[in-house]
Number of protein chains: 2
Amino acid sequence: MPAPEDLIYDTIAKALLAGRLAPAAQLVEARLADIFGVSRERIRKVLHRLGHARLLELIPNRGAFVASPTLDQAREIYEARRIVEGGIVGRLAGRLTVAQATALRAHARLEEAALKRADRALSIRLSGEFHTLLAECVASPFVLRQLQELVSRTSMLVAFFEPATSSECACEEHAEILGALLKGDPARAMKAMHTHLSLIETRLTPRVALPEAVAEPETELARAWATAIKATAKATRRVAGKAQRTQRKSPRT
Amino acid sequence: MPAPEDLIYDTIAKALLAGRLAPAAQLVEARLADIFGVSRERIRKVLHRLGHARLLELIPNRGAFVASPTLDQAREIYEARRIVEGGIVGRLAGRLTVAQATALRAHARLEEAALKRADRALSIRLSGEFHTLLAECVASPFVLRQLQELVSRTSMLVAFFEPATSSECACEEHAEILGALLKGDPARAMKAMHTHLSLIETRLTPRVALPEAVAEPETELARAWATAIKATAKATRRVAGKAQRTQRKSPRT
DNA sequence: ATTCACAATATTGTGCACAATATGCCCTGA
DNA sequence: TCAGGGCATATTGTGCACAATATTGTGAAT
């Protein structure tokens, strides 16, 4: 049993990040155990991990609830991103390898093209990846992990607070950041990153009514689980004949 | 049973951070359960938390081991600190409140005084607190938590790699950072922070032999636990008569 | 009608016993 | 003497049953 509970984690996390679960809805251990077909303690561990990542709120003796961030918490997240990503570009300015520089430039071109073609879904994905790509340029697994958590929580935020229209980063702002990086100007890069994130934050609108696209946690998770299982079954079948003991020891859990 | 396992966590963490446990030593659940007088699952949860904080290395089906960082990992930690703390001072420059500014200046004076009086223990503590104090100035619980984890791991590092002589930050470097902050110069503050942390990192020396002051995990932890218990017993007695239901609900765990 | 007390129910938390797994030792065979 | 296989042991992981706790529902008294 090497990975099945990681799959459960991903399934629930994906549903949460996409905003498909009603905020503040409770996730009952026994019910999930039934849905996913595993014992309750498996579910319990997964829920605690999700709680640690702040995607769920855990209340002792009460249960696990879908995190429903307040606007204030949202602003805290963006402030944290300003600090961390400001630190990243400040450290990166003038120290990019040529490979990193070309990769970033290529990415910027992709963003521009997607925007010109009015491909909204692609635009959103690419403009998010720009930030991850920057984090990957610094040689620090720690910072990368932290930023990924922040980006996850940001995804959850936009599902709650973002007006349906317009959700991608303006790509001139990315260009400005990249320009400062290439020029080796840390102060300018940091300032550009700060204003960029602040502009995004400005678009958050206080929720008046509850969101529309929220399903019962149970049914939504059951559906997500069904598709996940189907996908892995296919993948498993595809590699069935290949070498079976390629990995001897899982490096870490 | 509101907090006893937090106390256990702190006890083990303190022993680890002080470097009093032999690197790579195994912490056996049953043994610890015996020492601390609780059930094995309590210990298990604590060990997993310590593993998540990277103070222990958890290997599936094998157990929990005292983290013994390599020099490379140490450098990664310092790189992460350069990024995060660089981001902090970059965000803080020119935005300190007067209260924060005076608090930082006062702290700097304390450091200077301790250094002048050649009070080594105090100097080390104060120069560490300077960094935490900076992190507390930004209004971001997230960043504060992350930096505290980084500082924890740094403490562990110096226990392994630092030559016994000299372990406090040079306080002119702190003064330079503070000066740049007050002047509102983000670039200078960030640069000062980068060089400051790099200078500290330079002092790390590759370990040739195993450290001297490492005890058996069991005996060391038993001793630490005895003193911790004594302390809390005293504290409990002291507040025995006070209002007993001051807190109604624990806000979070 | 409202509020308080209290029972009933639903949900999480924990101890225990056993299963799964890894490691070290010993014994055998060349 | 050493390599290899298999058993013995030590340790972690998990399922289950029950305990602890919070919430909801009900009824009576004011």
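About the thresholds
- Residues numbered from 1 in each chain as written.
- Chains lettered and ligands numbered in written order.
- Predicted model: local features only at pLDDT ≥ 70, side-chain atom pairs only at ≥ 80, totals over all residues.
- Contact = placed C-beta atoms within 7 Å.
- Helix = DSSP H or I, 4+ residues; strand = E, 2+ residues; numbered from the N terminus.
- Nonpolar A, V, L, I, M, F, W, Y, C, P; charged D, E, K, R; others polar.
- Pairing = 2+ DSSP bridges.
- Least-squares fit on C-alpha atoms with pLDDT ≥ 70 in both.
- Near = placed C-beta within 6 Å.
- Buried ≥ 20, exposed ≤ 12 C-beta atoms within 10 Å, placed from the backbone.
- Core = buried A, V, L, I, M, F, W, Y, C linked by C-beta atoms within 7 Å.
- pLDDT = per-residue confidence, 0-100.
- Axes fitted to C-alpha atoms, helices over the stretch in contact; angles between N-to-C directions.
- Parallel < 35°, antiparallel > 145°, perpendicular 65-115°, else oblique.

## Side note on the interface of chain A and chain B
When the parts come together, some accessible area is lost, and that loss is often what is quoted as the size of the interface.
Logical step 1: Contact residues are listed per partner, giving 24 residues for chain A and 24 residues for chain B.
Logical step 2: For the side of chain A that touches chain B, the element with the highest residue contribution is helix 4 (residues 71-92) of chain A, accounting for 11 residues.
Logical step 3: The class makeup of the residues in the side of chain A that touches chain B is 13 nonpolar, seven polar and four charged.

## Some thoughts on the sheet that holds strand 2 (residues 56-59) of chain A
Residue and element names in this part refer to chain A.
Logical step 1: One open sheet holds the three strands; their spatial order is 1-3-2, and the pairing between them is antiparallel. Of all the strands in the sheet, just strand 1 (26-27) and strand 2 have a single pairing partner and so form its edges.
Logical step 2: Note that strand 2 and strand 3 (residues 63-66) share four bridges and pair antiparallel. Across the sheet, residue Glu57 finds its bridge partner in strand 3, namely Phe65.

## Let's talk about the relation of the copies chain A and chain B
Between the two chain copies there is a screw-like relation: a rotation about an axis and a shift along it.
Logical step 1: For the pair chain A and chain B, the relating rotation is 180 degrees, the translation along its axis is 0.0 Å, and the fit reaches an RMSD of 0.1 Å. The relationship between the two copies is best expressed as a two-fold rotation axis. It is A:Gly87 whose C-alpha, among those of chain A, lies nearest the rotation axis, at 1.8 Å.
Logical step 2: Most of the interface of chain A is mirrored in chain B, where 100% of its interface residues are also at the interface.

## Examining the protein's contact with DNA strand D
Logical step 1: Taken together, 14 residues form the shell around DNA strand D, and within it A:Ser39, A:Asn61, B:Val28, B:Glu29 and B:Gly63 come nearest.
Logical step 2: Of all elements in the fold, only helix 3 (40-52) of chain A together with helix 2 (29-36) and strand 3 (63-66) of chain B reach the threshold of two or more residues within the surface near DNA strand D.

## Some points on unusual backbone geometry
For residues besides glycine, phi is generally negative; the peptide bonds are generally trans as well.
Logical step 1: A positive phi angle is found at A:Ala118, which is not glycine, with a value near 60 degrees.
Logical step 2: Within the chain, B:Asn61 stands out as a residue other than glycine whose phi angle is a positive 65 degrees.
Logical step 3: Along the chain, B:Asn61 turns up in the loop between strand 2 (56-59) and strand 3.
Logical step 4: We classify B:Asn61 as exposed; it has 5 C-beta atoms within 10 Å.

## Brief notes about the nonpolar core
Logical step 1: Judged by nonpolar contacts, the single largest core of 107 residues is most densely connected at A:Val89, A:Val143, B:Val89 and B:Val143.
Logical step 2: Excluding its chain neighbours within four sequence positions, the residues that come into contact with B:Val89 are B:Leu134, B:Ile177, B:Leu181, B:Ala189, B:Met190 and B:Met193.

## Digging into the confidence of the model for chain A
Logical step 1: Across chain A, pLDDT averages 85, with 84% of residues at or above 70.
Logical step 2: Below a pLDDT of 50 lies the segment residues 240-253 of chain A, which in the model reaches three contacts outside its immediate sequence neighbourhood of four places, other chains included.

## Some words on the protein's contact with DNA strand C
Logical step 1: Taken together, the neighbourhood of DNA strand C is formed by 14 residues, with A:Val28, A:Glu29, A:Gly63, B:Ser39 and B:Asn61 sitting nearest.
Logical step 2: Elements with a minimum of two residues in the surface near DNA strand C: helix 2 (29-36) and strand 3 of chain A together with helix 3 (40-52) of chain B.
Logical step 3: Of the residues belonging to the surface near DNA strand C, the class tally is five nonpolar, four polar and five charged.

## Points about the environment of A:Tyr9
All names here are of chain A.
Logical step 1: Relative to the helices and strands, Tyr9 resides in helix 1 (residues 4-17).
Logical step 2: A count of 18 C-beta atoms within 10 Å places Tyr9 in the partly exposed class.
Logical step 3: Along the sequence, Tyr9 and Glu112 sit 103 residues apart, while their C-alpha atoms lie 34 Å from each other.
Logical step 4: Leaving out residues up to four positions away in the same chain, Tyr9 has contacts with Val46, Arg49 and Leu50.

## Details of the packing of helix 9 (residues 186-202) of chain A against helix 9 (residues 186-202) of chain B
Logical step 1: For the pair helix 9 of chain A and helix 9 of chain B, the least separation of the axes is 9 Å and the interaxial angle reads 110 degrees. One finds that helix 9 of chain A runs roughly perpendicular with respect to helix 9 of chain B. Taking contact as the criterion, the partners of A:Pro186, A:Ala187 and A:Met190 in helix 9 of chain A are, on helix 9 of chain B, B:Pro186, B:Ala187 and B:Met190.
Logical step 2: Of the residues contributing to the contact of helix 9 of chain A with helix 9 of chain B, the split by class is six nonpolar, no polar and no charged.

## Details of the sheet that holds strand 1 (residues 26-27) of chain B
Residues and elements named next belong to chain B.
Logical step 1: In space, the three strands of this open sheet follow the order 1-3-2, with antiparallel pairing throughout. Among the strands making up the open sheet, the edge pair consists of strand 1 and strand 2.
Logical step 2: Both strand 1 and strand 3 contribute to a ladder of two bridges, which runs antiparallel. When the sheet's bridge partners are listed, Leu27 is paired in strand 3 with Ala64.

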